Amino acid sequence: MSARAEATGSTQAVTPVLEVRDLEVAYTTEGHERTVLHGISFSIAPGERLAVVGESGSGKSTTAAALLGLLPGSGRVTGGSITFKGEDITRPGRERLLRLRGREVGLVPQDPMSNLNPVLRVGRQISETLAAHGVATGKAATQRAVELMEEAGIPDAARRARQYPHEFSGGMRQRVLIAIGLACAPELLVADEPTSALDVTVQRQILDHLETLRAARSTSLMLITHDLGLAADRADTVVVMSAGEIVEAGPTEQILRRPQHPYTQRLVEAAPSVSSARARVSVRQGEAPAGVQASGERASDTLLEAVGLTKRYRLRGQRGQEVVAVDDVSFRVGRGRTTAVVGESGSGKTTLSQLVLGLVAPTAGEVRIEGEVVETARGARRRAIRRAMQPVFQDPYASLDPTYSIEHIVDEPLRVARIGDRASRRRRVAELLDQVALPGSLAQRRPNELSGGQRQRVAIARALALEPRLVVCDEAVSALDVLVQEQTLDLLADLQDRLGLTYLFITHDLAVVRQLADDVLVMQGGTVVEEGAVEQVYAEPRTAYTRDLLDAIPGAEFFAEQAR
Amino acid sequence: MARYLLNKLWQAAITLLLSALVVFVGVRLLPGDPALALAGEEADPATLAQVRTDLGLDQPVIVQFWRFLSNLAHGDLGTSIRTGTPVTDLIAATLPVTLWLALYATVLAVVIGVAGGALAAVYRGRWPEWVANGFSLAGLSVPHFWLGLLAILYLSVSLGLFPASGYVPVTENPLRALYYLTLPAVILGTALAAVVMRQTRSSMLETLSTDYVRTARAKGLPRARVLRDYALRNSLIVVVTIIGLQLGGLISGAVVTERIFGLPGFGKLTLDSVFTRDYPVIQAVVIIVTAAYIVINLAVDVLYSVINPRIRVGGEA
């Protein structure tokens, strides 16, 4: 079944740019062959935009690598065929492959930070593509590289072409990679998560630009993404992959509005942009959690209060120059509520979380928890305050010591705080693992035996060990796949209800905010530009910046339409 | 860049001063007396005292140090106690030998090490890697005085390919000089080559699996270009640092190698002067070696910024 045929209906006569039939890819490890792609079939018509959607490990990037002969290590095509404009390129020779790569099929890779050669000038990295394929050489290639950079939306291209990658921002580097991918005007552009590493507003600008360039050349596009919203906005056809197989394929509208396969249905439901503020039982509507004195004062409802928080960093090597990371920020976090801090990279949101946790000292202003100033507290009070707030960090791979067992990791805060004896701590760890819905059998395992979602649960269990009142989640779900992300958010909401926790949720992802938070602070350049209840801010954003952020969420329009 | 260099030079001056102090005090703490060595075991106390006065050894150490420093500032390294010749003449005669030897050894080691390491990484799991790994292991573990003796025994004595000892100045006859220096340079460079090979291999394996190498391949660049401009150039950033650190070892290695091959170099001068407590010569030797370290490290820093634009100083290139 051809996705293309369904999508356009009337293009049977046209030879597809790319046709993949029953593709199988296998890796050999220690003599064992492991098949990772099973019977992948799809085709892309001239000018068509196809999105391959799936979670990490679904095989979407492997499919792209197989097309270009870029399978890593022992990976190889073990079955099926790949046809490019009617020519079989399943197992191309070296010469054929060199012409295919870059000339006929362009690649825009995922991470702009790691995909440019740090020791070559940017212009050279574009012009050498032209030269390698004989499209332009020498001065002409250099000149063309500058033009390509201009087309990709890089200002002052002639000067910037002589700079090195480290002098470019992430967004600008991604534009360079797009210029490289499109340099030789290929018939097919493979874009592998081209903007996942970028802020939403930058992401939108770049994808808009990419679309303009693509449409002008009527290049076909194979867009690989984990983000259904992105597929909704940017593709004609969607192929959904899971565990090395295609579970569903068809026109974007049909897949997203009437998904047939249970996996696709779950994926669509979990897409954060889809689910507008899900109803969830929460303490915020009803009674205050036990233990809170009904003194009637507003102050007693405020767990955390920041007053005029400011953090300035001195720039190294430049005397007197300072960067204001957080600039006079004041806010309150109500007990039992979730307050989200939203902003793009460089907005100061992470510095803010470190200030709250007392990990960095403020230049001015103070943080109060239950009315007590964090910075001036000493000794036992200080330790009590530390215990009252615990962090959950972004990367579950980096935040757990790989040499410790899970039990040891969760137990550590208890040991540090000298709580209980060995037996009682063991019981507490079992209880905590149970709270985060992890089987007790994992206690003796090491972090590398766990999946990303499981690890983040371990990190949450560790944060809960000391029965904190405030949990600071710094991008706690950003590194997780959509379905896992949803489960983790559910877990956080459930824990909040059961334990009366208060969350300060730092994130760049506005869709997640809507799903979880009660209140939101929008940060830009170190200051809070907007704050209020989530429903209110989302429904009627007061500042242009918040509006831009909301509009930039991939699939926002698409799913908003659906909701109506 | 100028400011950066100026800063480095200032640091170098301080390092030199400190090392002068350390060596000055250090040699005087050594057991043994240069006056005794010069006047002979049989000399009577009056003669010894006279010798001491002539050498200035009867002055307080602080005065001696000051005199030494001010002479140093005038480029006067003193006179050898043992031979009575100016130390500068001794150094002028021996330093070039060692410099040529070290330079030759370095060039050989870097060429062999980088090439071998790169091949080992590219042909991973095949015979070039096994050969390179074998060489690295042997080069690091076999002591080079023993290697030198074996080389003399088989390559010079039995096969007669190279001279067992002797030296011709490079300025006199470059080809003959090369003929005499090759074997010592190979022996001296073996350990460095082994280290460079290891480092190049592991760092190249790393760069070969980077995203930018994959992107370069996806551009359709020929394999040789990808290996040279992407994998190798980025590997060299680490390798250059290692070379800089290892070159210091080369100088001390030269002492032993010169001894084995009977080269009239700096190493021989060092050993002879230590044995006779020839204070002025020891001091001069240490100062020069320190200066060499500083110059090498400065050169590595500069080279490093040429290879790695990210640390290029002075803003935009």
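Quantities reported herein were computed from a predicted structural model and do not represent experimental measurements.

Engineer: Is there a simple way to think about the overall build of chain A in this case?
Structural biologist: Check the secondary structure of chain A and you find 21 helices and 20 strands. Whereas a compact globule of 564 residues would reach a radius of gyration of roughly 24 Å, chain A reaches 26 Å, a difference of no more than 12%. Along the longest, intermediate and shortest principal axes, the C-alpha atoms of chain A span 75 × 55 × 50 Å. Residues counted as buried form 47% of the 564 residues belonging to chain A.

Engineer: Would you explain the overall build of chain B in this entry?
Structural biologist: What chain B contains, in helices and strands, is 12 helices and zero strands. Each helix (α) and strand (β) of chain B, taken in turn from the N terminus, gives the series α-α-α-α-α-α-α-α-α-α-α-α. The dimensions of chain B, computed from C-alpha atoms along their principal axes, are 85 × 55 × 35 Å. Considering only residue pairs separated by 6 or more positions, chain B has 72% of its internal contacts joining residues 24 or more positions apart.

Engineer: Sorry, what's going on with the domain arrangement of chain A here?
Structural biologist: Accessible area lost during the coming together of the parts is what is often quoted as the interface size. All names here are of chain A. Here chain A is described as being made up of domain 1 (18–270) and domain 2 (335–360 + 376–563). For domain 1 versus domain 2, the distance between C-alpha centres works out to 33 Å. Between domain 1 and domain 2, the residue contacts involve 18 residues of the former and 15 residues of the latter. Looking at the side of domain 1 that touches domain 2, the elements with two or more residues in it are α8 (200–217), α9 (228–234) and α11 (262–270). Among the elements that take part in the side of domain 1 that touches domain 2, α9 stands out by supplying five residues, more than any other.

Engineer: What is the right way to read the UniProt feature "transmembrane region" (unreviewed entry) in chain B from this model?
Structural biologist: Residues and elements named next belong to chain B. As annotated in UniProt, the feature "transmembrane region" (unreviewed entry) corresponds to residues 12–30, 99–123, 135–157, 177–197, 235–261 and 281–304 in the numbering used here. In residues 135–157, the share of helix is 91% and the share of strand is 0%. The end C-alpha atoms are 24 Å apart. Annotation note: span residues 177–197, helix share 100%, strand share 0%, distance between end C-alpha atoms 27 Å.

Engineer: Please clarify how unusual backbone geometry should be interpreted in this entry.
Structural biologist: Peptide bonds are trans in most cases, and residues, glycine excluded, mostly fall at negative phi. All names here are of chain A. In the Ramachandran plot, serine 218 falls in the positive-phi region, its phi being about 40° despite a non-glycine side chain. Within the secondary structure, serine 218 sits in the loop between α8 and β8 (220–225). Although it is not a glycine, glutamate 475 adopts a positive phi angle of roughly 50°.

Engineer: Explain the UniProt feature "domain: ABC transporter" (unreviewed entry) in chain A to me, please; I cannot follow it from the model alone.
Structural biologist: The positions that UniProt labels "domain: ABC transporter" (unreviewed entry) are, in the present scheme, residues 20–268 and 304–550 of chain A. Between the end C-alpha atoms of residues 20–268 of chain A the distance is 25 Å, and the span holds 40% helix and 27% strand.

Engineer: Explain the pairing of strand β14 (residues 364–369) of chain A to me, please; I cannot follow it from the model alone.
Structural biologist: The side chains of a regular strand alternate, first on one face of the sheet and then on the other. Residues and elements named next belong to chain A. Sheet topology note: the strand β11 (residues 302–314)/β14 ladder contains five bridges and is antiparallel. Bridged to alanine 306 within β14 is valine 367. Note that β14 and strand β15 (residues 372–373) share two bridges and pair antiparallel. Counted as the bridge partner of isoleucine 369 is glutamate 372 from β15. Hairpin geometry of β14 and β15 is characterised by an intervening segment of two residues between the two adjacent antiparallel strands and by a positive phi of about 50° at glutamate 370.

Engineer: What exactly am I supposed to notice about the sheet that holds β14 of chain A here?
Structural biologist: In a beta sheet, neighbouring strands are held together by backbone hydrogen bonds and run either parallel or antiparallel to one another. Taken in spatial order, the four strands line up as β12-β11-β14-β15 (chain A) in an open sheet, and their pairing is antiparallel. Bordering the open sheet on either side are β12 (322–334) and β15 of chain A, each of which pairs with just one other strand.

Engineer: Quick question: what am I supposed to make of the nonpolar core here?
Structural biologist: Looking at soluble globular proteins, one finds that nonpolar side chains tend to be buried together. In this structure, Leu50, Met149, Ala179, Met222, Val239 and Val240 of chain A together with Leu101 of chain B are the most contacted members of the largest nonpolar core, which totals 153 residues. Tallying contributions element by element places helix α8 (residues 174–208) of chain B first for this core, with 16 residues. Not counting residues within four places of it along the chain, the set of residues in contact with valine 240 of chain A comprises Val53, Gly54, Ile246, Val247, Glu248, Ala249, Ile255, Tyr263, Thr264 and Leu267 of chain A. Core analysis: the next-biggest nonpolar cluster, separate from the first, contains 71 residues, Leu489, Leu504, Ala517 and Val522 of chain A among them.

Engineer: Whenever I open this one, the UniProt feature "domain: ABC transmembrane type-1" (unreviewed entry) in chain B confuses me. Can you help?
Structural biologist: As recorded in UniProt, the sites labelled "domain: ABC transmembrane type-1" (unreviewed entry) are residues 95–300 of chain B. From the first C-alpha to the last, residues 95–300 of chain B spans 21 Å; its make-up is 83% helix and 0% strand.

Engineer: Help me understand the domain arrangement of chain B, please; the structure alone is not making it clear to me.
Structural biologist: All names here are of chain B. As far as domains go, chain B holds domain 1 (1–74) and domain 2 (88–307). A straight line from the C-alpha centre of domain 1 to that of domain 2 covers 32 Å. Of the residues lining the interface, 15 residues belong to domain 1; the matching set on domain 2 comes to 13 residues. Put simply, the parts of the chain that give the side of domain 1 that touches domain 2 at least two residues each are α1 (2–29) and α2 (34–39). Top element by residues in the side of domain 1 that touches domain 2 is α1. It accounts for nine residues. Per-class residue counts for the side of domain 1 that touches domain 2 are 10 nonpolar, three polar and two charged.

Engineer: Mind showing me how you'd approach helix α12 (residues 349–356) of chain A here?
Structural biologist: Residues three or four positions apart in an α-helix share a direction because the helix packs 3.6 residues into each turn. Residues and elements named next belong to chain A. The element α12 is largely enclosed, with a buried count of seven among its eight residues. Looking only at α12, the buried set comprises Lys349, Thr351, Leu352, Ser353, Gln354, Leu355 and Val356. At the C-terminal side of α12, glycine 358 shows a positive phi close to 75°.

Engineer: Would you take a moment to explain the sheet that holds strand β5 (residues 87–88) of chain A for this structure?
Structural biologist: All names here are of chain A. A sheet is described by the order of its strands in space; here four strands give the open sequence β2-β1-β4-β5, paired in antiparallel fashion. For this open sheet the edge positions go to β2 (32–44) and β5, each flanked by a neighbour on one side alone. When strand β1 (residues 18–29) meets β2, the two strands line up antiparallel, connected through nine bridges. What sits directly across from leucine 18, in β2, is isoleucine 44.

Engineer: It is not clear to me how the environment of leucine 442 of chain A should be interpreted in this structure. Could you clarify?
Structural biologist: Residue and element names in this part refer to chain A. For leucine 442, the location among the structural elements is in the loop between α15 (422–435) and α16 (452–464). Residue classification places leucine 442 among the partly exposed positions, given that 17 C-beta atoms sit within 10 Å. Along the sequence, leucine 442 and glycine 532 sit 90 residues apart, while their C-alpha atoms lie 41 Å from each other. Leucine 442 has contacts with Ile406, Leu433 and Leu450, leaving out every residue within four places of it along the chain.

Engineer: What should I look at first to understand the interface of chain B and chain A in this one?
Structural biologist: Each partner contributes to the interface: chain B provides 21 residues, whereas chain A provides 26 residues. For the side of chain B that touches chain A, the elements supplying multiple residues, two or more each, are α9 (211–218) and α10 (223–261) of chain B. The residue inventory of the side of chain B that touches chain A, partitioned by class, reads eight nonpolar, five polar and eight charged.

Engineer: Sorry if this is basic, but what is going on with the environment of alanine 185 of chain B here?
Structural biologist: Among the secondary structure elements, alanine 185 of chain B is positioned in helix α8. Not counting residues up to four positions away in its chain, the partners in contact with alanine 185 of chain B are Leu101, Tyr104, Ala105 and Leu108 of chain B.

Engineer: What's the story with the packing of α9 of chain B against α10 of chain B in this structure? I'm lost.
Structural biologist: All names here are of chain B. At a minimum axis separation of 10 Å, α9 and α10 run at an interaxial angle of 155°. The angle between the axes of α9 and α10 places the two elements in the roughly antiparallel class. Judged by the sense of rotation from one axis to the other, the crossing of α9 with α10 is right-handed. Side by side, α9 and α10 meet where Tyr212, Val213, Ala216 and Arg217 of the first sit next to Val226, Tyr230 and Ala231 of the second. Taken together, the residues that form the contact of α9 with α10 break down as six nonpolar, no polar and one charged.

Reading the values: the criteria
Residues numbered from 1 in each chain as written. Chains lettered and ligands numbered in written order. Predicted model: local features only at pLDDT ≥ 70, side-chain atom pairs only at ≥ 80, totals over all residues. Helix = DSSP H or I, 4+ residues; strand = E, 2+ residues; numbered from the N terminus. Rg over C-alpha atoms; globule rule 2.2 N^0.38 Å. Buried ≥ 20, exposed ≤ 12 C-beta atoms within 10 Å, placed from the backbone. Contact = placed C-beta atoms within 7 Å. Domains from an automatic or database assignment. UniProt positions renumbered as here; feature names shortened; annotations may be inferred. Pairing = 2+ DSSP bridges. Core = buried A, V, L, I, M, F, W, Y, C linked by C-beta atoms within 7 Å. Nonpolar A, V, L, I, M, F, W, Y, C, P; charged D, E, K, R; others polar. Axes fitted to C-alpha atoms, helices over the stretch in contact; angles between N-to-C directions. Parallel < 35°, antiparallel > 145°, perpendicular 65-115°, else oblique. Left-handed = near helix turned anticlockwise from the far one by under 90°.

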